Amino acid sequence: MKDRIRFNVGGKIFETTSTTLANAGRDTFFGAMFDDDWNLYSNYSGEYFIDRNPNCFGVLLDLLRTGELCIPPNVSEKLLYREAQFYGLTDHVRAAKWGPIDGNRLSLSRSIAGRAPGDGTAIRGGPDGGCCVAHGCMVHVYDWILDEHPPITLDYQIVNDVGWIDPENIVVSACERLGRGDGGMGLFNAENGELRHKFQISHENQIKSFTAGALSFSSSDSHIFSSCKGRSNEYGIGVWDSVTGKQIDFFYEPIGWSLGDADKLQWLNGSSCLLVATLFPRKDNCYISLLDLRVKRMVWSWSDIGAPVTVDGRRVRDAIAMEENGSICVVNEYEDLGFMDLRGSVGGGVRWSSRSRSRLMKGKMPDYEPCYPKLALHNGQLFSSMNDCISVFCGPDWMLTSRFRRSDGGSICDFSIGGDRLFALHSEENVFDVWETPPSQITL
Amino acid sequence: MDSQKKTNFQIEAFKHRVVVDPKYADKTWKILEHAIHEIYNQNAGELSFEELYRNAYNMVLHKFGEKLYSGLVATMTAHLKEISKSVEAAQGGSFLEVLNGKWNDHNKALRTIRDILMYMDRTFIPSTRKIPVHDLGLNLWRDNVIHANNIQTRLLNTLLELILMERTGEVINRGLMRNIVKMLVDLGSSVYQEDFEKPFLEVSADFYRVESQRFIECCDCGDYLKKAERRLNEEVERVSQYLDCSSESKITNVVDEEMIANHMQRLVHMENSGLVSMLLDDRYEDLGRMYSLFRRVVNGLNTVRDVMTSHIRETGKQLVTDPEKVKDPVEFVQRLLDEKDKYDKIISVAFNNDKTFQNALNSSFEYFLNLNTRSPEFISLFVDDKLRKGLKDVTEEDVEIVLDKVMMLFRYLQEKDVFEKYYKQHLAKRLLSGKTISDDAERSLILKLKTECGYQFTSKLEGMFMDMKTSQDTMQGFYASQGAEVGDGPALVVQVLTMGSWPTQPCPPCNLPSELSMLCERFRTYYLGTHTGRRLYWQINMGTADIKATFWKGQKHELNVSSYQMCVLLLFNNADRLTYKEIEQATQIPTTDLKRCLQSLACVKGKNVLRKEPMSKDISEDDAFLFNDKFTSKFYKVKIGTVAAQKESEPEKQETRQRVEEDRKPQIEAAIVRIMKSRRVLEHNSVITEVTKQLQPRFLANPVEIKKRIESLIERDFLERDNTDRKSYRYLA
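Residues numbered from 1 in each chain as written. Chains lettered and ligands numbered in written order. Predicted model: local features only at pLDDT ≥ 70, side-chain atom pairs only at ≥ 80, totals over all residues. Heavy atoms only, no water.

### Points about the interface of chain A and chain B
Right, on to step 1. Between chain A and chain B, the contact holds 35 residues from the first and 31 residues from the second.
Right, on to step 2. Buried surface at the junction of chain A and chain B, summed over both partners, amounts to about 2,900 Å²; 52% is from carbon and sulfur atoms.
Right, on to step 3. On the surface where chain A and chain B come into contact, there are 4 salt bridges.
Right, on to step 4. Arginine 54 of chain B serves as the salt-bridge partner of aspartate 51 of chain A, at 3.5 Å between the closest nitrogen and oxygen.
Right, on to step 5. Here chain A and chain B share 9 residue pairs in polar contact (both at pLDDT 80 or more) between them.
Right, on to step 6. For the side of chain A that touches chain B, the secondary structure elements donating two or more residues are α2 (29–33), β3 (48–50), α4 (77–87), β9 (159–166) and β11 (184–189) of chain A.
Right, on to step 7. Residues of the side of chain A that touches chain B, tallied by class, amount to 14 nonpolar, 8 polar and 13 charged. (Contact = heavy atoms within 4.5 Å. Buried area = accessible area lost by both parts, 1.4 Å probe. Salt bridge = Lys/Arg side-chain N within 4 Å of Asp/Glu carboxyl O. Polar contact = N/O pair within 3.5 Å; in protein donor to acceptor, adjacent residues only side chain to side chain. Helix = DSSP H or I, 4+ residues; strand = E, 2+ residues; numbered from the N terminus. Nonpolar A, V, L, I, M, F, W, Y, C, P; charged D, E, K, R; others polar.)

This is the structure in structure tokens:
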């Protein structure tokens, strides 16, 4: 056969075809080796020697042949991943391990116990399947095979939020220590935890210390947004360029409108606006607004000042903008979902959906410390955490379609979706769970 | 999991121990550096890909990524400096070829190097936020070769020189140009723009500024436009052949600006070849070119349109005011139609049927057509002419086309009611004299007027047709009822006209010959017997008669005459010679009519069935008339017309005008009342505006007349002046 290829890998002979190797793609060891540009072996008819582990090669060759990953007991998983990295097949391995996330087909992949004491602050999934967890003044970083890397600290200041710029870089926002003139934000190398850059705010050409709160990123123009609290009047939203590290804008908060204290920022790609939500109990009232930073204007706003207080004092605890639906979804401490229209410039009342409420009236409150619910949106599916479980809502009417929980986790204080994985951080036990959707199987 | 961790730990520990050799990194880098040299020297075939890839991998794995990266930068920079030298050394014409060859070599080497360093590209570079290998290779090429002192300007000058050569008609190596330009684009759009496009546009602007100046001095407008169009096409083609497509709009803007925008006024107004002479000579191709070129620049089409409009207005004004040209109404209208056809064709053939040009044409016609107050009359006369004889040998479709054109002129008229008045008169004449050729054509035109102006406008005209039809039936009924009694006598045809529908004037009775007056009496009895409660008035002045006459040598002729003429001629059955006074007494025909009818019987050459004594052109009351026995004609039938101008004479015109003004009064009053009824109180100027607007479809109301009508309405207590605001009127229910 013309396209047959013979490898000698670490002394073991493998035969395959160029068709199989073509499945690897151009940006891999095999793609480079057999590309026309590289005429190293153009007239070679014998075998190609590769000085690597033969067992792993066999597994990876099978992966190229079938698209499935079968790791025999005699092959170390971790070694296999390193070999995959050598050949440039990491993406193939990941794709064989889990598929695109689907809230209705999630299964628990791993539970990782953390060492940190006290409550968790935030968990963030990275673009390639890794994650980072913030506890107090520490951020623990895990790569996609859930190996822990050196932890990140910004001079041991209390961490408010963390986020991934790309698989290699993490931004951390921290609380200013009283009297120390510090705080701020840092960019860290995810692999070794080294501080790469400190983001600064200058106000009238003077560098000011500040407390950085919630973070958000726009991937299209590599901007970083953070809610900022300074000591004088530098309250508002800061904007930095993640490539140059320079501050490029600052949106001062209007009087009576809390932006510097925001709990949540969300960059909206479609409308190029930033959602800013400052919620109870950080403030006595809830404020949600959309900022258009190009025109320096608040283009949409809502607050519950003056709204009639319900008997049980339910308040909005999290908010998420759903651009495709032109609405904002909010949730209260009973996991009632509410919706607001984004069209127009002022939010009307919240349309609470009664479905979740009636369901919850029947349930009893858990016996452990409750956590406030959080929301996430992914591929048209809405995820909401409540106590120890996560609910999935789908379709135009946001019907509850799935709910999953791990039995012994305690309340979920934060969760995040990234790299097609869902990470849920439990407050009491300091454990986080990794949920994945199995890849579509080849039918036999 | 525990067991896995164990295995990992052992392997990691083992590997780390291998790298104790302090010279490990240097040794490995030497291998890779050597390979990069070999790749640049095109000896890659000797190398082992697997070994190099593994070495690069190991360097990154053992944290020597930084060394690898900086080594790569240094080695590649050194090679590019060498390349830069050999490009600089290239002689004259081979410069671009050498540069292109080296660029291809570098690209190939870059791909190969990237392949070996793929592991670094994928892991080390993103995590340290460095520039990826491929982009690094391009940046180094840009900095060390393209921006080298002796290359940057030389490259730009060579490119611009070649383009200039091509513009002056020489053939250049377009493939090479394409490759070099593509290289600049690959290095980043800013390199292409700064190092080539910007100076290219500047040089082009200079070139076309000079060239356009030269052309405009020596070419006429048409030739200039041809040349400009060719240049524009050349530039578009150049971009498609070897420049980046983003340059197309930029370079065409330069040509537009330099060759068209800067010379627009001069081109349009060029003596003997500018827009006006193109229009005069119907040079469709040149006009089309001017349109498509001027369209490209700001205000280009406005300029063309303005010049065309003022030209049409000027020539149109001449057409309608030149006393020579308004002599013949039919030719007058025909000339207008020809003018309209001419410009319609220009707009559709050369101006892309541009709506704004059509509008300009329409407003121009509206402007000059109404400069002549006789336009409504002339248009009606034109129709009259066409419907009498003009459409004899044409198909129905052609009739429609002519009528549509007339309607188009009609639309331009401001005084549509004047047209209506004339049209009614002319239609009445056509119908009564049976001169209308095609009923279908007549009805078709009335239908068009109806769609244009509404039912009211044409109801009376339709009434006239109705009368014609009923009269036919009435005559049939009359003869059926009379039976044989009237068989031998003269045949009487009566048309019963509804008063008010027809432009009739009261006609004093005259003495009819006895046999006729008897017949008329019979008809009156018959008609009033079938239609009770009606009154009949005879309009003798509008009738005609066919009479048979025998002349010298028994020569027989049939004479077609008016009813008055018939009355006069029948007198000569009993006498050979009659004086004017005798005739007047016998017939009782009004003086002016009698004179006119005698004139046409006695003074027109070839039709003089009477002789007058003494011979002269005009009729006086002392004249005597004799039967002209010697009358001859080569036709059996002889039509003796009444001497009357087809076109209205000055007093008649005044009269018609007066009647029109008279008719307008009630219409203006009705409009005022309608408006005031709905608005209750309205300020004077607003009343004037609204009335004018409401009456626009029929005529242009005169503000003075409107004011008079308002005053008359105040007198009659329809309106009153507002007590507080004297400028306002109040409606009184």
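### Description of the sheet that holds strand β25 (residues 337–341) of chain A
Residues and elements named next belong to chain A.
Right, on to step 1. Taken together, the 4 strands give an open sheet; going across it, the order is β23-β24-β25-β26, and neighbouring strands pair in antiparallel fashion. With one partner strand each, in any of the chains shown, β23 (316–322) and β26 (351–352) form the two edges of the open sheet.
Right, on to step 2. As paired strands, β25 and β26 are joined by 2 bridges and run antiparallel to one another. Among the inter-strand pairings, glycine 338 is bridged to a residue of β26, identified as tryptophan 352. (Pairing = 2+ DSSP bridges.)

### Brief notes about the pattern of salt bridges
Right, on to step 1. Evaluated as defined, the whole model comprises 84 salt bridges over all chains.
Right, on to step 2. The salt bridge partner of aspartate 414 of chain A is arginine 124 of chain A, with a shortest N-O separation of 3.0 Å. Here arginine 124 of chain A lies in strand β5 (residues 122–125) and aspartate 414 of chain A lies in strand β31 (residues 412–418), a separation of 290 residues in the sequence.
Right, on to step 3. Accessibility expressed as a relative area gives 23% for arginine 124 of chain A, which makes it partly exposed.
Right, on to step 4. A salt bridge links lysine 581 of chain B to glutamate 621 of chain B, with the shortest nitrogen-to-oxygen separation between them at 3.0 Å. Placement of the pair is lysine 581 of chain B in helix α26 (residues 580–587) and glutamate 621 of chain B in the loop between β4 (610–613) and β5 (624–627), with a sequence separation of 40 residues.
Right, on to step 5. Judged by its relative accessible area of 43%, lysine 581 of chain B is partly exposed.
Right, on to step 6. Glutamate 621 of chain B gets classed as partly exposed once you look at its relative accessible area, which sits at 33%.
Right, on to step 7. Here the salt bridges share partners, and the residues they tie into one network are Glu166, Arg167, Arg174, Glu235, Glu237 and Arg238 of chain B. (Buried < 20%, exposed > 50% of the residue type's maximum accessible area, 1.4 Å probe, protein only.)

### Observations regarding the confidence of the model for chain A
Right, on to step 1. This prediction gives chain A a mean pLDDT of 85; 90% of its residues lie at or above 70.
Right, on to step 2. Note on residues 357–364 of chain A: pLDDT under 50 across the span, and 9 contacts to partners over four residues away in sequence or across chains. (pLDDT = per-residue confidence, 0-100.)

### Brief notes about the side chain of serine 712 of chain B
Residue and element names in this part refer to chain B.
Right, on to step 1. You can see serine 712 is positioned in helix α30 (residues 703–715).
Right, on to step 2. Classification of serine 712 as buried rests on a relative accessible area of 15%.
Right, on to step 3. Reaching out from serine 712, the side chain makes a polar contact with the side chain of glutamate 669 at a distance of 3.4 Å.
Right, on to step 4. In this structure the side chain of serine 712 is engaged in a polar contact, spanning 2.6 Å, whose partner is the side chain of arginine 716.

### A word on the side chain of threonine 28 of chain A
Right, on to step 1. Looking at the secondary structure, you find threonine 28 of chain A in the loop between α1 (18–22) and α2.
Right, on to step 2. Residue classification places threonine 28 of chain A among the buried positions, given a relative accessible area of 3%.
Right, on to step 3. Apart from the residues within four sequence positions on either side, threonine 28 of chain A is in contact with Tyr87, Gly88, Leu89 and His92 of chain A together with Met118 and Arg122 of chain B.

### Some thoughts on the packing of helix α9 (residues 174–186) of chain B against helix α11 (residues 221–242) of chain B
Residue and element names in this part refer to chain B.
Right, on to step 1. One can describe the packing of α9 onto α11 by two numbers: an axis separation of 8 Å at closest approach and a directional angle of 70°. Considered as vectors, α9 and α11 are oriented roughly perpendicular to each other. Residues Arg174, Met177, Arg178 and Val181 of α9 pack against Glu237, Gln241 and Tyr242 of α11.
Right, on to step 2. Grouping the amino acids of the contact of α9 with α11 by side-chain chemistry returns 3 nonpolar, 1 polar and 3 charged. (Axes fitted to C-alpha atoms, helices over the stretch in contact; angles between N-to-C directions. Parallel < 35°, antiparallel > 145°, perpendicular 65-115°, else oblique.)

### Section: unusual backbone geometry
Residue and element names in this part refer to chain B.
Right, on to step 1. Note that the residue after glutamate 613, namely proline 614, is joined by a cis bond; omega there is -10°.
Right, on to step 2. Structurally, proline 614 can be placed in the loop between β4 and β5.
Right, on to step 3. Positive phi, normally seen in glycine, also occurs at asparagine 299, with a value near 70°.
Right, on to step 4. Mapped onto the elements of the fold, asparagine 299 is located in the loop between α15 (284–294) and α16 (300–321).

### Thoughts on the sheet that holds strand β29 (residues 389–394) of chain A
All names here are of chain A.
Right, on to step 1. Taking strand neighbours across the sheet as the criterion, the 4 strands line up as β27-β28-β29-β30 in an open arrangement whose pairing is antiparallel. Of all the strands in the sheet, just β27 (374–378) and β30 (399–405) have a single pairing partner and so form its edges. Taking the axes of each pair of neighbouring strands and ignoring which way they run, one obtains an average angle of 25° across the sheet.
Right, on to step 2. Where β27 lies against strand β28 (residues 381–386), 5 bridges are found, and the strand directions are antiparallel.

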